[in-house]
Amino acid sequence: AVVTTDTGTFVLEFYPDAAPVAVDNFIKLINQKFYDGLTFHRKVDAPGLNIIQGGCPEGDGTGGPGWTIVDEHTNPNQRPHVRGTLAMARTSAPDSSGSQFYICLKPQPHLDGDYTTFGGVIQGMDVVDQLSMGDVMTKIRLEAKSKYVKATAE
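Residues numbered from 1 in each chain as written. Predicted model: local features only at pLDDT ≥ 70, side-chain atom pairs only at ≥ 80, totals over all residues. Heavy atoms only, no water.

To keep things clear, this is the line we draw: UniProt positions are given in the numbering used here, feature names are shortened, and annotations may be inferred rather than shown by experiment.
The name given to the chain in an unreviewed UniProt entry is Peptidyl-prolyl cis-trans isomerase, with the source organism recorded as Geodia barretti. In UniProt, the chain has this text filed under Catalytic activity (unreviewed entry): "[protein]-peptidylproline (omega=180) = [protein]-peptidylproline (omega=0)". The record in UniProt for the chain states the following under Function (unreviewed entry): "PPIases accelerate the folding of proteins. It catalyzes the cis-trans isomerization of proline imidic peptide bonds in oligopeptides."

Written out as structure tokens, the structure reads:
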């Protein structure tokens, strides 16, 4: 998926083996243009937590799409929270994720097993690093990953 912001563009890949429900939900929201015009409402870059979070229709972290999805952080194929990881945000309640997501600015191993990881940044992490609270996601569109990943010779 290609995320266009007022700061620049970055590209995400998805991990359907790690979180099929979260990936399907995110793609459904992209196809509905749910994220277009929403902001990154939270940025924490401090010892212990280094993330940028967005996807709230209220712009304050309280909103969602009108439904929630099941947590998948116990899936044996879950990926660790490394720099660039894409994961579902949720309240303290189980199965409370909806549309809000975060991207790790640095590795966050203490979040492993508690939050569902479902993708990662494959291009434009420099743009993600520059994002600030209030920056707008102009649009998110599904595009072939092959357009952004160079083929490697075996």
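Thoughts on the environment of I122
The condition that has to hold: Secondary structure counts use DSSP, requiring at least four H or I residues in a row for a helix and at least two E residues in a row for a strand, with both numbered from the N terminus. For every residue, the accessible area obtained with a 1.4 Å probe (protein chains only) is divided by the maximum for its type, and the residue is called buried under 20%, exposed over 50%, and partly exposed between those limits.
Among the secondary structure elements, I122 is positioned in strand β7 (residues 117-123). Using a relative accessible area of 28% as the deciding quantity, one classes I122 as partly exposed. Separated by 48 residues in the primary sequence, I122 and T74 have C-alpha atoms spaced 24 Å apart.

Observations concerning the environment of Y15
What counts here: Contacts are assigned to residue pairs with any non-hydrogen atoms lying within 4.5 Å of each other.
Turning to its location among the elements, Y15 is positioned in the loop between β2 (9-14) and α1 (20-31). The sequence separation of Y15 and G120 amounts to 105 residues, and the corresponding C-alpha distance is 8.1 Å. Excluding anything up to four places from it in sequence, Y15 contacts V23, R79, F118, G119 and G120.

Focus on the UniProt feature "domain: PPIase cyclophilin-type" (unreviewed entry) in the chain
This chain's UniProt record puts "domain: PPIase cyclophilin-type" (unreviewed entry) on residues 1-132. As annotated, residues 1-132 has a helix share of 14% and a strand share of 29%, and its two end C-alpha atoms lie 20 Å apart.

Considering the pairing of strand β3 (residues 40-46)
To be explicit about the condition: A pair of strands is considered paired only if DSSP assigns at least 2 bridges between the two.
Where β3 lies against strand β4 (residues 49-54), six bridges are found, and the strand directions are antiparallel. If you follow R42 over to β4, its bridge partner there is Q53. In this antiparallel pair of consecutive strands, β3 and β4, the connection spans two residues, and G48 shows a positive phi of 100°.

Here we look at the pairing of β2
In terms of burial, β2 is largely enclosed, as five of its six residues are buried. Note that strand β1 (residues 2-5) and β2 share three bridges and pair antiparallel. Note on β2: the bridge partner recorded for T4 is T9. Following β1, the chain reverses through three residues before pairing antiparallel with β2; G8 in that reversal takes a positive phi of roughly 155°.

Side note on the side chain of Q100
Where we set the bar: Polar contacts, as used here, are pairs of N or O atoms within 3.5 Å; protein pairs need one atom able to donate a hydrogen and one able to accept it. Residues neighboring in sequence count only if both atoms are side-chain atoms.
Structurally, the position occupied by Q100 is in the loop between β5 (85-88) and β6 (101-104). At 3.0 Å, the side chain of Q100 forms a polar contact with the backbone oxygen of G61. From its side chain, Q100 meets the backbone oxygen of G63 in a polar contact 2.8 Å long. Residues in contact with Q100, not counting those within four places in the same chain, are H41, Q53, G54, G55, C56, G61, T62, G63, A87, M88 and A89.

Focus: the sheet that holds β3
Inclusion rule: In this analysis, axes come from line fits to C-alpha atoms, helices being fitted only over the stretch in contact, and the angle between any two N-to-C directions falls in the range 0 to 180 degrees.
Strand order in the open sheet formed by eight strands is β3-β4-β6-β5-β7-β2-β1-β8, with antiparallel pairing between adjacent strands. Of all the strands in the sheet, just β3 and β8 (137-141) have a single pairing partner and so form its edges. Strand after strand, the sheet turns through a mean of 25° between neighbouring axes, direction not considered. Sheet topology places β1 next to β8; four bridges connect them, and they run antiparallel. Residue pairing in the sheet places T5 in a bridge with M137 of β8. Along the sheet, α1 makes contact with β2, β5, β6, β7 and β8, crossing β2 at roughly 140°.

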